[in-house]
Amino acid sequence: VLKSGFKYFPVAATVEYRFAKAYFSLNTDFQFLFFNSNTMLTVPLYLKVIIGNKFRVCPEAGGFVRTNGNYGLTGGLSIEYRIKKLFLFAKADYYLDTYKARGYDHFGGSYEYTSSSSSAWVSIGLKYSILK
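Predicted, not measured: the structure shown is a model, and the values here were computed from it. Here the residue index of a chain counts from 1 through its sequence in written order. For a predicted model such as this one, the threshold for reporting local features is a pLDDT of at least 70, and the threshold for listing and counting side-chain atom pairs is 80 or more; totals across whole chains, interfaces and linings nevertheless cover every residue. Hydrogens and water molecules were not included; the side-chain quantities draw on all heavy atoms of the structure.

Draft legend 1. Quick look at the pairing of strand 3 (residues 24–35). Note on pairing: DSSP must find at least two bridges between two strands before they are called paired. By the criteria applied, helices consist of DSSP H or I runs no shorter than four residues and strands consist of E runs no shorter than two, each listed in order from the N terminus. Alignment of strand 3 against strand 4 (residues 38–49), held across ten bridges, turns out to be antiparallel. Bridge pairing links Q31 to T42 in strand 4. Between strand 3 and strand 4, which pair antiparallel and follow one another directly, the connecting turn spans two residues, one of which, N36, has a positive phi of 50°.

Quick look at the structure:
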């Protein structure tokens, strides 16, 4: 993936906790993003609403922090298909990053302000249920 001249390589692992028969779950993804010679960790915490059983449509909303000091809100939608203890999934996420930036005035001084940017991520993968 190329974005603003950076070559990104993401690796992620998801942990989902759901009570039996509940229509929602609490989730976190540990996302490592390797770009140029740097590594950044993103840790979101979000609530996922589960609609369906074998075939699921799941809206998600929550927040996240990054090791580079950014933080913000995340939301998305995942589609899952269950095959016994294995789930095939496709997921789209929107991240709104908030961060501190430095501005410069006409007299040689500088000031700090809060800014934001957004990004969209699409992922596909497999999940395995270890408790059922």
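Draft legend 2. Focus on the pattern of salt bridges. Whenever a carboxyl oxygen of Asp or Glu lies within 4 Å of a side-chain nitrogen of Lys or Arg, that contact is scored as a salt bridge. Inspection of every chain in the model, using the stated rule, returns nine salt bridges. A salt bridge links E16 to K127; the nearest nitrogen and oxygen atoms lie 2.6 Å apart. Of the two residues, E16 is situated in strand 2 (residues 6–17) and K127 in strand 8 (residues 110–128); the sequence distance between them amounts to 111 residues. Taking the relative accessible area as the measure of exposure, E16 reaches 28% and is therefore partly exposed. Whether a residue is buried, partly exposed or exposed follows from its accessible area with a 1.4 Å probe, protein chains only, as a fraction of its type maximum: under 20%, in between, or over 50%, in that order. By relative accessible area, K127 is classed as buried at 16%.

Draft legend 3. Summary view of the layout of surface pockets. Here the largest pocket defines a volume of roughly 1000 Å³. Grid points spaced at 1 Å over the protein atoms alone were grouped into cavities, where a 1.4 Å probe fits but cannot get out, and pockets, open sets with protein on both sides within 12 Å along at least five of seven lines, with lining residues defined by an atom within 4 Å of a point. Considering the residues around the largest pocket, the lining is formed by 38 residues, among which T14, V15, E16, K127 and Y128 are closest to the centre. Counting only elements with at least two residues in the lining of the largest pocket, the list comes to strand 2, strand 3, strand 5 (55–66), strand 7 (86–104) and strand 8. In the scheme used here, Gly and all other residues not listed as nonpolar or charged are polar, with Ala, Val, Leu, Ile, Met, Phe, Trp, Tyr, Cys and Pro taken as nonpolar and Asp, Glu, Lys and Arg as charged. Its residues placed into classes, the lining of the largest pocket shows 20 nonpolar, six polar and twelve charged. Grid points are joined across faces, edges and corners, and a volume is the space filled by probe spheres set on the points.

Draft legend 4. Inspection of the pairing of strand 4 at higher detail. Pairing analysis gives seven bridges linking strand 4 to strand 5, with the strands arranged antiparallel. By the bridge assignment for strand 5, T42 is matched with R66. Turn length for the strand 4-strand 5 hairpin, with the two strands adjacent in sequence and antiparallel, is five residues, and the turn residue G52 shows positive phi of about 115°.

Draft legend 5. Looking closely at the side chain of N27. Of note, N27 is situated in strand 3. Assessed through its relative accessible area of 2%, N27 is described here as buried. Within polar-contact distance, the side chain of N27 engages the side chain of S25 at 2.9 Å. Should any heavy atoms of two residues lie within 4.5 Å, those residues are considered in contact. Excluding residues that lie within four positions of it along the chain, N27 makes contacts with T14, V15, E16, P44, L45, Y46 and K48. Any pair of N or O atoms that falls within 3.5 Å is considered a polar contact. Within protein, one atom must be able to donate a hydrogen and the other to accept it, and sequence-neighbouring residues count only if both atoms are side-chain atoms.

Draft legend 6. Quick look at empty space enclosed by the protein. Tallying each qualifying case throughout the model produces two cavities of 30 Å³ or more. Size it by volume and the largest cavity reaches roughly 80 Å³. If you trace the largest cavity, you find it lined by T14, E16, N27, D29, Y46, K48, E60, S78, E80, F89, K91 and K127. Secondary-structure elements contributing two or more residues to the lining of the largest cavity are strand 2, strand 3, strand 4, strand 6 (71–83) and strand 7. Among the residues forming the lining of the largest cavity, the class breakdown is two nonpolar, three polar and seven charged. Size it by volume and the second largest cavity reaches roughly 40 Å³. For the second largest cavity, the full set of lining residues is D29, Y46, E60, A61, G62, T74, G75, K91, D93 and Y95. Put simply, the parts of the chain that give the lining of the second largest cavity at least two residues each are strand 5, strand 6 and strand 7. For the lining of the second largest cavity, the per-class residue count stands at three nonpolar, three polar and four charged.

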